[in-house]
Amino acid sequence: MAIQRPKGTQDHLPDGSPKLSLDTRAAAFQHVQDTARRVLERAGAQFLNTPVFEDPELVKRGVGGSTDIVRKEMFTVYYFGDHGGFILRPEGTAGIVRAYLQNGLKQLPSPLKLWTHGPMFRAENVQKGRLRQFHQVDYEVLGSTDPLVDAEAISLMVDVVAALGLSGVRVKLGSIGDPADRDAYNAYLRELFGAHVERLSDDSKERLERNPMRILDSKSAGDQALIAELGVRPMLDFLGDEARGHFEAVQAYLTAWGVAHDIDPSIVRGLDYYRRTAWELHHEGVGAKSALGGGGRYDGLAEQLGGPLVPGIGWAFGIERLLIAMDAEGLDVPGQGGPLLYVAALDDDYVGHAATVAMKARQVARAEFAYRAVKPGTAFRDAERRGARLVALIGSDEMARDVLSIKNLSTGVQSVVPAGDLHTFLAEAASQPPSPEPHTPVQENA
Ligand code: HAM
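Notes on the structure in this doc start here. Keep in mind that this is a model prediction, so the values were computed, not measured.

Considerations on the site of the ligand
Then step 1. Around the ligand sit 27 residues, and of these Glu 91, Glu 124, Leu 131, Glu 140 and Tyr 274 come closest.
Then step 2. Within the side chain of Arg 122, one N or O atom sits 2.9 Å away from an oxygen atom of the ligand.
Then step 3. Contact distances for the ligand include 2.9 Å between a nitrogen atom and a side-chain N or O atom of Tyr 273.
Then step 4. Starting from 660 Å² of accessible surface for the ligand in isolation, the protein chains cover 96%.

Written out as structure tokens, the structure reads:
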């Protein structure tokens, strides 16, 4: 058998590929990225890219040494002669905050809104919607502690799902409080679970020492049963006055804007950098345990990475999960479509000329050509398979008169176009609505 792709990864394929699903369709990924770009750039977010591999210390200090991500799910990469290795980024936020600090982005107008998309890597147990290489759309705002920024961030997330056409999305909103609130909660959890250590999983015994809150997002069924049985009080009960005031202000904005949200007192999120506002978006198509996206405030992260105090907040969607949710709602995305013009030569001697015509046509429209001489019937069939709207055939007559015979495949109308008028003809054709019958892509190996 030929070499296969690693477990937990997916190929993103062109339309027409056999066995294509929405979450493996390259055009669908592009559609999500383009939709997010439209929504986020209208809100003033600027695009940036950071490396796919980073210093392990960044992830340890950023995401947190007690998280599953750092303890169990990091991919390390080495090059020859290197002993420290690098980490394939499990998420985008720590790298973006590093880039902000390292490149002096503090000098840009504040609050600074940034966004990116790209692959992330976590060595998780693979299942539907849970991959080892997955893709996120990520939005971050740096430089403000204002609850208005939190509410705007959540609202933008809702705008992205709405722009994708999704309707069955629920916002679950909570707060993780300030560090002192979290210390108080951890002390409570330590005492509570400390009385039942023998029933905790080995991982959670360790969590009890390092960061008891992490027990709450344990994947062990035994831990979850104990949590339910003990009736653990939620983090929200432990909020101090400031964090509570902030949380209420966020809710007030969301309510004023009509952004539906449910308070979820038990939200803890799986990363350690969060403070105050934290939330997740859920969709039935993805399953109760997996979020469509999530985010929160991380005012201490820049300092944890060795920089000055820079408050921040942000979120990320999993693109695969958005596509799974869209599929569950029966939503589709437009394909790339076919070329406006397909040029075919009827004789070997004219193949070069057909290529020249197509390449000139590309100054105004998408154009393709046949790489060998074909009969008219084959030219029309090939053009249809590619979804072309116009076909130009080049034979001896067209060569002698320096014209193109162009057939419009949707109307059947034939035109003789002087070579010099091609651009005008194509611009006119492009402005006409395409065929009333949408083109159905022909499977390449059907
Ligand atoms: P996260 O909740 O770890 O947050 O991930 C965000 C989203 O990425 C998840 O809701 C999910 O849709 C997707 N995702 C995570 N792991 C996987 C996986 N193994 N397979 C498929 N999809 C996955 C973060 O990553 C934070 N950096 C979000 C953030 C930005 N917070 C502040 N700024």
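Description of unusual backbone geometry
Then step 1. Omega for the peptide link from Ser 110 to Pro 111 comes to -5 degrees, which places this bond in the cis form.
Then step 2. Tracing the backbone shows Pro 111 in the loop between helix H4 (93–102) and strand E5 (112–121).
Then step 3. The backbone phi angle of Asp 402 is positive, close to 55 degrees, even though this residue is not glycine.
Then step 4. Mapped onto the fold, Asp 402 is located in the loop between helix H14 (396–401) and strand E15 (403–408).
Then step 5. For Asp 402, a relative accessible area of 46% gives the class partly exposed.

Considering the environment of Asn 49
Then step 1. Looking at where Asn 49 falls in the secondary structure, it is placed in the loop between strand E1 (46–47) and strand E2 (53–54).
Then step 2. Sequence-wise, Asn 49 and Asp 421 are 372 residues apart; in three dimensions their C-alpha atoms are separated by 43 Å.
Then step 3. Not counting the four nearest positions on each side in its chain, Asn 49 is found in contact with Thr 116 and His 117.
Then step 4. A polar atom in the side chain of Asn 49 sits 3.4 Å from the side chain of Thr 116.

Examining the pairing of strand E6 (residues 133–142)
Then step 1. By the criterion of burial, E6 is predominantly enclosed, with nine of the 10 residues buried.
Then step 2. Relative to E6, E5 runs antiparallel, the two sharing 10 bridges. Following the sheet pairing, Gly 118 is matched in E6 by Gln 136.
Then step 3. Pairing analysis gives seven bridges linking E6 to strand E11 (residues 312–318), with the strands arranged antiparallel. Directly across from Asp 138, in E11, lies its bridge partner Ala 316.

Conventions and cut-offs
- Residues numbered from 1 in each chain as written.
- Predicted model: local features only at pLDDT ≥ 70, side-chain atom pairs only at ≥ 80, totals over all residues.
- Heavy atoms only, no water.
- Near = heavy atom within 4 Å.
- Polar contact = N/O pair within 3.5 Å; in protein donor to acceptor, adjacent residues only side chain to side chain.
- Areas by Shrake-Rupley, 256 points an atom, 1.4 Å probe, with all protein chains shown as cover.
- Helix = DSSP H or I, 4+ residues; strand = E, 2+ residues; numbered from the N terminus.
- Buried < 20%, exposed > 50% of the residue type's maximum accessible area, 1.4 Å probe, protein only.
- Contact = heavy atoms within 4.5 Å.
- Pairing = 2+ DSSP bridges.

Read these as layout, nothing more, since geometry by itself doesn't imply function.
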